[in-house]
Amino acid sequence: MAYFNTNVATGQTLLKFRKKADAQEERILSFFEKENDKEWSPHEVWKILYTESTPITSVRARISVMAKIGILKYTGKMVTSPYGRPERLYTIGYKNQPQ
């Protein structure tokens, strides 16, 4: 979907980063599809799916992109993150749409 090339990567490096972002989105989407009756914060998703070697900011970016295009949706609710900051809750964005 989207990779934010803030490091100005090029060539094979950029391709590698884009593939990694796509794989993260697929993994996160799969998680939300399996847990489609629940609401999740980016930190909760990160804690379940990833280790500390994956930045939480990467998970937030993927969730934000998916919410922006309607794959996920912001529930209107927030929780306090482990860092003491408000964090949005998301759920699958298309479960009630006709197929």
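Going by the structure above, here's the rest.
Here's a quick rundown of the structure. Note that this is a predicted model, so its numbers are computed, not measured.

1. Remarks on the overall build of the chain
Okay, so step 1: Looking only at helices and strands, the chain features three helices and two strands.
Okay, so step 2: Counting the 99 residues in the chain, one finds 35% classified as buried.
Okay, so step 3: Considering only contacts within the chain whose residues lie at least 6 apart along the sequence, 48% involve residues at least 24 apart.
Okay, so step 4: Total accessible area on the chain is roughly 6,700 Å²; 51% of this is exposed by carbon and sulfur atoms.

2. A word on the side chain of serine 41
Okay, so step 1: Position of serine 41 relative to the elements: it lies in the loop between helix H1 (11-34) and helix H2 (42-49).
Okay, so step 2: Here the side chain of serine 41 touches glutamate 87 through a polar contact of 3.1 Å, side chain to side chain.
Okay, so step 3: The contact partners of serine 41, leaving out residues within four places of it in the chain, are Val79, Glu87, Arg88 and Leu89.

3. Topic: the nonpolar core
Most often, soluble globular proteins keep nonpolar side chains buried together rather than apart.
Okay, so step 1: By size, the foremost hydrophobic cluster in this structure holds 17 residues, and its most contacted members are Ile28, Phe32, Val45, Val59 and Ile63.
Okay, so step 2: When neighbours within four sequence positions are excluded, isoleucine 63 is seen to be in contact with Ile28, Phe32, Pro42, Val45, Leu72 and Tyr90.

4. Observations concerning the pairing of strand S1 (residues 72-80)
Okay, so step 1: Where S1 and strand S2 (residues 86-92) come together, six bridges link them in antiparallel fashion. By the bridge assignment for S2, valine 79 is matched with glutamate 87.

5. Comments concerning H2
Okay, so step 1: Considered for burial, the residues of H2 that qualify are Pro42, His43, Val45, Trp46 and Leu49. Angular distribution of buried residues about the axis of H2 spans 160 degrees; they occupy a single face of the element.

6. Focus on the pairing of S2
Okay, so step 1: Taking burial as the measure, the seven residues of S2 include five buried ones, the bulk of the element.
Okay, so step 2: Connecting the antiparallel pair S1 and S2 is a turn made up of five residues, with glycine 84 showing a positive phi of about 85 degrees.

7. A look at the pattern of salt bridges
Okay, so step 1: For the structure shown, the criterion picks out four salt bridges.
Okay, so step 2: Residues glutamate 25 and arginine 62 are paired through a salt bridge, measuring 3.0 Å at the closest nitrogen-oxygen approach. Taken as a pair, glutamate 25 in helix H1 and arginine 62 in helix H3 (residues 56-68) lie far apart in primary sequence, 37 residues in all. Accessibility classification places glutamate 25 together with arginine 62 in one group, the buried group.

8. With respect to the packing of aromatic side chains
Okay, so step 1: Scanning the model with the defined rule gives three aromatic pairs in all.
Okay, so step 2: The interplanar angle of 55 degrees and the centroid separation of 6.1 Å between the aromatic rings of tyrosine 74 and tyrosine 90 together place this pair among those described as tilted. Taken together, the residues tyrosine 74 in strand S1 and tyrosine 90 in strand S2 connect sequence positions 16 residues apart.
Okay, so step 3: Assessed through its relative accessible area of 8%, tyrosine 90 is described here as buried.
Okay, so step 4: Here a set of aromatic residues connected by ring pairs shows up, and it is made of Phe31, Phe32 and Trp40.
Okay, so step 5: When the ring centre of tyrosine 50 is taken as reference, the NZ or CZ atom of arginine 27 above it lies at 4.7 Å.

The rules behind these values
Residues numbered from 1 in each chain as written. Predicted model: local features only at pLDDT ≥ 70, side-chain atom pairs only at ≥ 80, totals over all residues. Heavy atoms only, no water. Helix = DSSP H or I, 4+ residues; strand = E, 2+ residues; numbered from the N terminus. Buried < 20%, exposed > 50% of the residue type's maximum accessible area, 1.4 Å probe, protein only. Contact = heavy atoms within 4.5 Å. Areas by Shrake-Rupley, 256 points an atom, 1.4 Å probe, with all protein chains shown as cover. Polar contact = N/O pair within 3.5 Å; in protein donor to acceptor, adjacent residues only side chain to side chain. Core = buried A, V, L, I, M, F, W, Y, C linked by side-chain atoms within 4.5 Å. Pairing = 2+ DSSP bridges. Arc of directions from axis to C-beta. Salt bridge = Lys/Arg side-chain N within 4 Å of Asp/Glu carboxyl O. Phe/Tyr/Trp six-rings, centres within 6.5 Å; stacked < 30°, edge-to-face > 60°. Lys NZ or Arg CZ within 6 Å of the ring centre and 35° of its normal.

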